[in-house]
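The primary structure of each chain is shown beneath.
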Amino acid sequence: MRSISCYSERAIKISYSYCSGPSSQAYVSPTLTPSISNAVTCIYRLQLLSQKTLFITLTWRNKLINQGLTISISDNNISSPSKLSSDSYHLRKIKGTKSFQSCDSKIEAFWDLSTASYETGPEPISGFYVVFVVDSELGLILGDKDEEVIVQNLRKKLSMAKSSLLSRSEHFSGNTVYSTKAQFCDTGLAHDILVKFSGEEDGAKSPVLSVCIDDKKIFQVKRLKWNFRGNQTIFLDGMLVDMMWDLHDWFFKEASGFAIFMFRTRSGSDSRLWLEEKNLEQKGQDKAGFSLLICAFKNPVIGDKSWRSEGMASN
């Protein structure tokens, strides 16, 4: 997302309305229906007892773009699926196990989606489990079916590696209302995130961007055709969270137009997001914090083509 990281200090503002408590203003008309996500990608970092670090990427897709779960393993510290230098496997069955070698490690995957429940997107919300064992360590457990025999046996026999969620990316197509949930730190709450932008076709004099958290409007940006790139800082769960947007291609590329919205935590109140990233890259350190990326497309994109644009937006 480097194209939207080159703004002066004046472009960054704290949303004091949220610092002092949520606004009482309704966030969006109940008649508006949010878009449904076509795909969700989550990147997890594993720290093994051997001090080895691996990254597991899970991509959930709906029928429009090759339904199923894809897993990728990498030892590179990246935050974009399109930049993965890894081994990838597409799991088409709803239940099974798979063993393979990747990044000089033995990986075992166990999953059961046979009773999974979904809301609107491709990612299950309950009734499932996905488990990874890495070099005889329990690397990652997802889902709520802890009572399953296979999960219980793995918990009893194996030590647990440290794991953390680095980023979450969601792809949408359709209207201009995008809704999701995000937990920005381990000790924080899961927040409802809603991004909406309206244009002349919606009756507005000029396009307007509205960002809402937990059903309350946090900030609004007007004259989007002039302010098609920008950023705003929100104080949330005791942290600074930078929200950045890039609507250039949405407005100026008709058929292939898409919009990018990113929320990302900072590691310190005195740092600037883009300067922090540059310094970390120079030092070879891991990027701090968590990021939520929303990619919105004007038109549905079939197959994996939609994922190629994410490299343009992620950092």
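Residues numbered from 1 in each chain as written. Predicted model: local features only at pLDDT ≥ 70, side-chain atom pairs only at ≥ 80, totals over all residues. Heavy atoms only, no water.

- Looking at an unreviewed UniProt entry, one finds the protein named DUF868 domain-containing protein and attributed to Erythroxylum novogranatense.

### Some words on the sheet that holds strand 6 (residues 105-112)
Move 1: Strands sit in the order 5-6-7-8 across an open sheet of four strands; the sheet is antiparallel. Each edge of the open sheet is held by one strand with a lone partner, namely strand 5 (95-102) and strand 8 (137-143). In this sheet, neighbouring strand axes are inclined to one another by 15 degrees on average, regardless of whether the strands run parallel or antiparallel.
Move 2: Sheet analysis places strand 6 next to strand 7 (residues 129-134), joined by six bridges and oriented antiparallel. Within the sheet, the bridge partner assigned to alanine 109 lies in strand 7 and is phenylalanine 132. (Pairing = 2+ DSSP bridges. Helix = DSSP H or I, 4+ residues; strand = E, 2+ residues; numbered from the N terminus. Axes fitted to C-alpha atoms, helices over the stretch in contact; angles between N-to-C directions.)

### A word on the packing of aromatic side chains
Move 1: One pass over the full model with this rule turns up 13 aromatic pairs.
Move 2: Summarising the aromatic geometry, the rings of phenylalanine 197 and tryptophan 250 are spaced 5.0 Å apart at their centres and angled 80 degrees between planes, so their arrangement reads as edge-to-face. Placement of phenylalanine 197 in strand 11 (residues 190-198) and of tryptophan 250 in helix 3 (residues 248-252) is noted, with a sequence separation of 53 residues between them.
Move 3: Overall, phenylalanine 197 belongs to the buried group, its relative accessible area being 3%.
Move 4: For the ring pair phenylalanine 219 and tryptophan 245, a centre distance of 6.1 Å and an interplane angle of 35 degrees mean the geometry is tilted. Of this pair, phenylalanine 219 sits in strand 13 (residues 216-222) while tryptophan 245 sits in strand 15 (residues 239-246); the two residues are 26 residues apart in sequence, bridging distant segments of the chain.
Move 5: On the accessibility criterion, phenylalanine 219 (7% relative accessible area) is buried. (Phe/Tyr/Trp six-rings, centres within 6.5 Å; stacked < 30°, edge-to-face > 60°. Buried < 20%, exposed > 50% of the residue type's maximum accessible area, 1.4 Å probe, protein only.)

### A word on the nonpolar core
Move 1: Counting 32 residues, the largest nonpolar core has Phe261 and Phe263 as its most contacted members.
Move 2: For this core, the element with the most residues is strand 15, which contributes four residues.
Move 3: Among the nonpolar cores identified, the runner-up in size contains 27 residues, and Tyr44, Trp60, Ile107 and Leu113 belong to it. (Core = buried A, V, L, I, M, F, W, Y, C linked by side-chain atoms within 4.5 Å.)

### A few points about the pairing of strand 9 (residues 162-173)
Move 1: The pairing of strand 1 (residues 37-47) with strand 9 spans ten bridges and is antiparallel. Within strand 9, the position partnered with cysteine 42 by the bridge is arginine 168.
Move 2: Alignment of strand 9 against strand 17 (residues 291-297), held across seven bridges, turns out to be parallel. Following the sheet pairing, histidine 171 is matched in strand 17 by cysteine 295.

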